[in-house]
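# Examining the three-dimensional arrangement
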Amino acid sequence: MFDEKDLILDAKHVTRKFPASNNRTLVACNDINLKLYKGKTLGLVGESGCGKSTFMRFLVSLDTPTEGEIYFHGKDITKMKGEELRQNRQKIQMVFQDPSGSFNPKMKIRDIICEPLMNFNRIRKSEKDAVARKYLELVDLPGDFADRYPHSMSGGQRQRIAIARAIVLEPEVVVMDEATCALDVSVQKTIIELIVKLQKEKNIAIGFIAHDLGLIQSFAHQIAVMYLGNIVEVIPAEELNKSASHPYTKALMGAIFDINMDFTKKIESIESEAPSPLDVPTGCPFQDRCEHYMEICKQVRPTRIELEPGHEVACHLFEKEGCHLHEDHCDVCREMP
Amino acid sequence: MLELKDVTISYKNRPTVKNFNLSLEQGKICSIVGESGSGKTTVIRAVLGLLAGGGKVTEGDILFEGKSLLKNTREEWRKLRGTDISMIFQDSGAMTNQTRVIGKQFVEYIRTHEDISKKDAWDKGIKMLERMRLPSGDNIMKSYPFQLSGGMRQRVGIAMAMTFQPKLLLADEPTSALDVTTQAQIVRQMMELRDEYKTSIIVVTHNLGVAAYMSDFIVVMKDGEIVDAGGRDHILHRSESEYTKGLLDAVPSLGGVRYV
């Protein structure tokens, strides 16, 4: 479904370790391989603390991984420095979760939207008003908002301003970190519609962080599920409902309160909480909470294998063809090296 | 057991909630849903007499077990809050003192309402925590709030609120700061409380899925007024209110609308 020539951003074996107390290390991202394509959205889903924001921050060069490379048009952005890095930032922009926290409260909307352009000398001062109006209208806000301050706007309007500021440099990639989760559902819907509209117009690649699978499957092209620093499943969004395979993905789906759900059924959810990322078990990270736990899960960390084109899963249940179909799959898997 | 009759609540003479009616029976769960600023939190704060910033009930009456709450004296409120009526907040971590361990605050809370020794109060606290499926209650009593995860803090909040088996539990967005998996656990736990203790619960939430799943009765609010009210089936399938339909339409759903 994805054309390799549309590949924009390619993260290879990205690992990030943070030093922790008592000479331990916290592995926030462990050997992550993900790709972003032109005009497509990658949704990254996981519980809090699983490392999804840490990963997305590498893409915008707010942090650098300890190992691995991220290729943007074939060039490794993790090694960039100085002016080259500064110029590169025009191409990759970000929208944050809390829009009010990402604006200077003493700047007018006009200056907020035009600041990136001014930084790169792309417009003159006299053009600011026209540019601000153009982009305000692009995000469906009246042009007169240019004279306002952030505090006199609602959360949804502020998020639109944040989006306008991110696209004003005409970037190729926009990273959105839970950009809608602070908003009401009705406002959230309009923002998602706006994002989809802009993506189609400008052919932007979007990396979207969320914890709501229901939301992300409504507009992403590809969904990556992350658990304790590991990508456990990558799946095309339209397949999610039908063929999600990893036990963790299923658990996440089972825990969603859906207005179309069967209300007579009890909501399923994993009972336990995720272990601390400081003591991720060897073997499969999900072993303690998994209902299909097998002996091998304790010893060997599963690698990602392809089930269908574009659908990859890291779970021992799927390592041998048809293995998960047999009732005695434990024995089969135990014999594996 | 709880009845709100034509209640109007004003902040500085500006009515924020208008003509609110609700009657809740023992052992029932009621949800109040609506967008931010629709006045849902104001309603449950009024029930507990905790209106912020000079808010006042200007019209109508709030009856709890047949007795008006509006004429309560300070002493009467003190006896009622935390024992007969309790509240859980969006982030239970924020209501605790970050520089004191959970146990000390729990003991202080229990001893405010009951005349028992510190040791007994401590044990009672552990017992409550374990009932909320928090393993190793002793450890949690000795931890500081910031050492616990969001889900654990919320459970501590519920454990504290349930210590005296209140007749009415008010919950203000109890799950909106949590992950989906933790949210499901907390929702299930609250429903078990109802089954076990016959506690009546009012939940304020913006998550229509949660509201539909757990409640017997749903109230939809907009701009301080009730625009729709009824059972789950009525709200989800037979509502005639355009506003309710719009809200339902906006809820993302697995296998629902796709924009791409």
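Report follows, based on the coordinates. Computed from a predicted model, the values in this text were never measured in an experiment.

Residues and elements named next belong to chain A. Running from N to C, helix α3 (residues 109–119) and helix α5 (residues 155–167) cross one another at 30 degrees; their axes reach a closest spacing of 7 Å. Here α3 is positioned roughly parallel relative to α5, judged by the angle of their axes. Considering the relative orientation of α3 and α5, their crossing is right-handed. Touching Ile109, Ile112, Ile113 and Pro116 of α3 are Ile161, Ala164 and Arg165, all from α5. Split into classes, the residues belonging to the contact of α3 with α5 amount to six nonpolar, no polar and one charged.

Residue and element names in this part refer to chain A. Remark: α3 packs on helix α4 (residues 128–138), axes separated minimally by 9 Å, with the N-to-C direction vectors making an angle of 100 degrees. Considering their axes alone, α3 and α4 lie roughly perpendicular with respect to each other. Contacts from Ile109, Arg110, Ile113, Cys114 and Leu117 of α3 reach α4 at Lys128, Asp129, Val131, Ala132 and Tyr135. Counted by class, the contact of α3 with α4 contains seven nonpolar, no polar and three charged residues.

Here we come to the sheet that holds strand β4 (residues 55–64) of chain B. All names here are of chain B. In spatial order, the strands read β2-β1-β4-β5; together these four strands make up an open sheet with antiparallel pairing. With one partner strand each, in any of the chains shown, β2 (14–24) and β5 (67–68) form the two edges of the open sheet. The pairing of β4 with β5 spans two bridges and is classified as antiparallel. Counted as the bridge partner of Leu63 is Ser68 from β5.

What follows deals with the sheet that holds strand β10 (residues 225–230) of chain B. The pairing of strands in a sheet comes from backbone hydrogen bonds and takes either a parallel or an antiparallel form. All names here are of chain B. Across the sheet, which stays open at both edges, the six strands sit in the order β6-β7-β8-β3-β9-β10 with mixed pairing between neighbours. The strands lining the two open edges of the sheet, one partner per strand, are β6 (85–88) and β10. Strand-to-strand, the axes of this sheet are offset by a mean angle of 20 degrees, without reference to chain direction. Strand direction decides the pairing type here: strand β3 (residues 29–34) and strand β9 (residues 217–222), joined by five bridges, are parallel. In the strand pairing of β9, Val33 is matched with Val220. Helix α7 (residues 150–162) contacts β6 and β7 (168–172) of the sheet and is inclined by roughly 175 degrees relative to β6. Against the sheet, helix α11 (residues 242–250) touches β9 and β10, its axis set at about 75 degrees to β10.

Before going further, it helps to spend a moment on helix α9 (residues 247–254) of chain A. The buried fraction of α9(A) amounts to six of the eight residues, a majority that puts the element mostly inside the structure. Residues of α9(A) that are buried include every one of Pro247(A), Tyr248(A), Thr249(A), Ala251(A), Leu252(A) and Met253(A), and no others. Buried residues in α9(A) make contact with β3 (41–45), α7 (213–216), β9 (222–227) and β10 (230–236) of chain A together with α8 (180–197) of chain B.

This paragraph deals with the interface of chain B and chain A. In this assembly, 35 residues from chain B lie in contact with 36 residues from chain A. Secondary structure elements with two or more residues in the side of chain B that touches chain A: α8, α9 (208–214), α10 (232–238) and α11 of chain B. If one sorts the elements of the side of chain B that touches chain A by residue count, α8(B) sits on top with seven residues. Per-class residue counts for the side of chain B that touches chain A are 17 nonpolar, 13 polar and five charged.

Here is what the cut-offs are and how they apply
- Residues numbered from 1 in each chain as written.
- Chains lettered and ligands numbered in written order.
- Predicted model: local features only at pLDDT ≥ 70, side-chain atom pairs only at ≥ 80, totals over all residues.
- Axes fitted to C-alpha atoms, helices over the stretch in contact; angles between N-to-C directions.
- Helix = DSSP H or I, 4+ residues; strand = E, 2+ residues; numbered from the N terminus.
- Parallel < 35°, antiparallel > 145°, perpendicular 65-115°, else oblique.
- Left-handed = near helix turned anticlockwise from the far one by under 90°.
- Contact = placed C-beta atoms within 7 Å.
- Nonpolar A, V, L, I, M, F, W, Y, C, P; charged D, E, K, R; others polar.
- Pairing = 2+ DSSP bridges.
- Buried ≥ 20, exposed ≤ 12 C-beta atoms within 10 Å, placed from the backbone.

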